[in-house]
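Structure assessment
Now for the letters of each chain:
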Amino acid sequence: MLTRPPSWQRLSELARNPLQAFALSRNNVELWANLLIITFAVVFMLWKGATFAVTLGTVFAIWAMLSVSLNLVVGFTGLLSIGHIGFFGVGAYTVAILTSTTAYENLRTGAIPTFGWPFFAALPVAAIAAGLVALLVGIAFNRFRDDIYVLVSFGFAIISFNVFLNLRGITRGAFGIHDVARPQIGSWVFDTELELMLMAMALMVIVVGISWFIVSSSFGRVLTAIREDEQVAEVFGYHASHYKLAVWVISAMMAGVAGGMFSSWTTFIDPNSFILLESVLLVSIVILGGLATIWGSLLGALAFVLLEEGMRFLPFLPQEYVGQARQVVLGILLVLLMVFRPQGLVGRYKL
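So, here is what we can say about the structure in this document.

Attention now goes to the pattern of salt bridges. Under the defined criterion, the tally for this structure stands at three salt bridges. Across the pair Glu230 and Lys244 runs a salt bridge, and its minimum N-O distance is 3.3 Å. Taken as a pair, Glu230 in helix α12 (residues 230-235) and Lys244 in helix α13 (residues 240-266) lie far apart in primary sequence, 14 residues in all. Note on accessibility: Glu230 and Lys244 belong to one class, buried. For the salt bridge of Arg312 with Glu309, the shortest nitrogen-to-oxygen distance reads 2.7 Å.

In globular proteins that are soluble, nonpolar side chains generally tend to be buried together. Membership of the largest hydrophobic core comes to 101 residues, with the highest contact counts inside it found for Trp63, Phe87, Trp248 and Met261. Sort the elements by how many residues they give to this core and helix α4 (residues 50-74) lands first, with 15 residues.

Among the surface-exposed residues, Val328, Ile332, Val335, Leu336, Val339 and Phe340 lie close enough to one another that they form a single nonpolar patch of about 620 Å² accessible area. By secondary structure assignment, the location of Val335 is in helix α16 (residues 322-340). Residue Val335 is classed as exposed on the basis of its relative accessible area of 52%.

All right, on to the packing of aromatic side chains then. Under the counting rule described, the total for this entry stands at 21 aromatic pairs. Residues Phe120 and Phe190 carry aromatic rings whose centres are separated by 6.3 Å and whose planes lie at 70° to one another, so their mutual orientation is edge-to-face. Of this pair, Phe120 sits in helix α7 (residues 119-141) while Phe190 is found in the loop between β2 (188-189) and α10 (193-216), placing the two residues 70 residues apart along the sequence. A residue is classified by how much of its surface remains accessible, and Phe190, at 8% relative accessible area, is buried. Between Trp188 and Phe190, the ring centres sit 4.6 Å apart and the planes meet at 25°, which makes this aromatic pair stacked. Residue classification places Trp188 among the partly exposed residues on the basis of a relative accessible area of 45%. Here the aromatic residues Phe87, Phe141, Tyr149, Phe156 and Trp248 are joined through ring pairs into a cluster of three or more.

Glancing now at the environment of Gly116. Tracing the chain through its elements places Gly116 in the loop between α6 (106-109) and α7. Separated by 15 residues in the primary sequence, Gly116 and Thr101 have C-alpha atoms spaced 5.1 Å apart. The contact partners of Gly116, leaving out residues within four places of it in the chain, are Leu98, Thr99, Ser100 and Thr101.

What follows is about the side chain of Thr94. Counting through the fold element by element, Thr94 comes out in helix α5 (residues 84-99). Taking the relative accessible area as the measure of exposure, Thr94 reaches 13% and is therefore buried. Those residues within four positions of Thr94 in sequence are excluded, and the remaining contacts are Val125, Ala126 and Ala129.

Conventions adopted
- Residues numbered from 1 in each chain as written.
- Predicted model: local features only at pLDDT ≥ 70, side-chain atom pairs only at ≥ 80, totals over all residues.
- Heavy atoms only, no water.
- Salt bridge = Lys/Arg side-chain N within 4 Å of Asp/Glu carboxyl O.
- Helix = DSSP H or I, 4+ residues; strand = E, 2+ residues; numbered from the N terminus.
- Buried < 20%, exposed > 50% of the residue type's maximum accessible area, 1.4 Å probe, protein only.
- Core = buried A, V, L, I, M, F, W, Y, C linked by side-chain atoms within 4.5 Å.
- Patch = residues over 30% accessible without salt bridge, like charges linked within 9 Å, V, L, I, M, F, W, Y side chains within 5 Å.
- Areas by Shrake-Rupley, 256 points an atom, 1.4 Å probe, with all protein chains shown as cover.
- Phe/Tyr/Trp six-rings, centres within 6.5 Å; stacked < 30°, edge-to-face > 60°.
- Contact = heavy atoms within 4.5 Å.

Dropping the structure here:
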């Protein structure tokens, strides 16, 4: 009886026969998507230099944490949520409020509570705060499904923005919060772009590791079963509402960590960073990279960051139209994906 050769033997065979390798890879969309995006990323960073590449890496790490966490809800559980940016904002504002110390412009805007916490003490609180908010809204969301679920999550994103804007006694409203503390260990302050990028990458690795553990476990297999048919999962004794609430809270806590890193990196936040458009862009990243795959979320985040930053350097595009052009290009890409590849670039599940 013939057995399938080990993968390394198969790769060796393909290496000795380039024509066969090309024939097999010609229709492999996933392979070409990976090669194209990663190659463009390397060329783009070499072209713009090390300083720009470091900043790009920080932005990528923050968006990657967000997209991986949202994919747990959208891709692996089948719940299309538009409100994830609200948890991102909760984490960002928690770190900003707990770490900011300066009494700036008090006569103009009024003082807000200041605590002077270090970043590493505030970050776990940010994750817990995002998780508690998710728990409260998730209990209400669990009674909704499908289109209604999308609408109520849409409403949560709008409510979150208005809370950030109008709760002036805590968030300073439209004036935002300045002087958010940078990460610090003893006398070592993470105040260079390289150190901040490494910090963001370390947090991204933790988020990706936790996500991989979840989807590889029996818990993750139940989430997949709920995505495929919630009623069947209930028949086998799984309380789908409990699992959905659990992954919703875990996902929100990851978004809170990303928000805390974001506020510390920028050292300033205001409500405009958490508008509904950002939430729509986040869902687009998840769909673009691929549903129900962690690597797809990373690839989608990388593609989005390259699109966002790369279009600023197009010589024929005036700077005042860059933002609108990004949205147009991303919209066209999503339409093409929905028509020709609804599961995304490397996804396994069709929305």
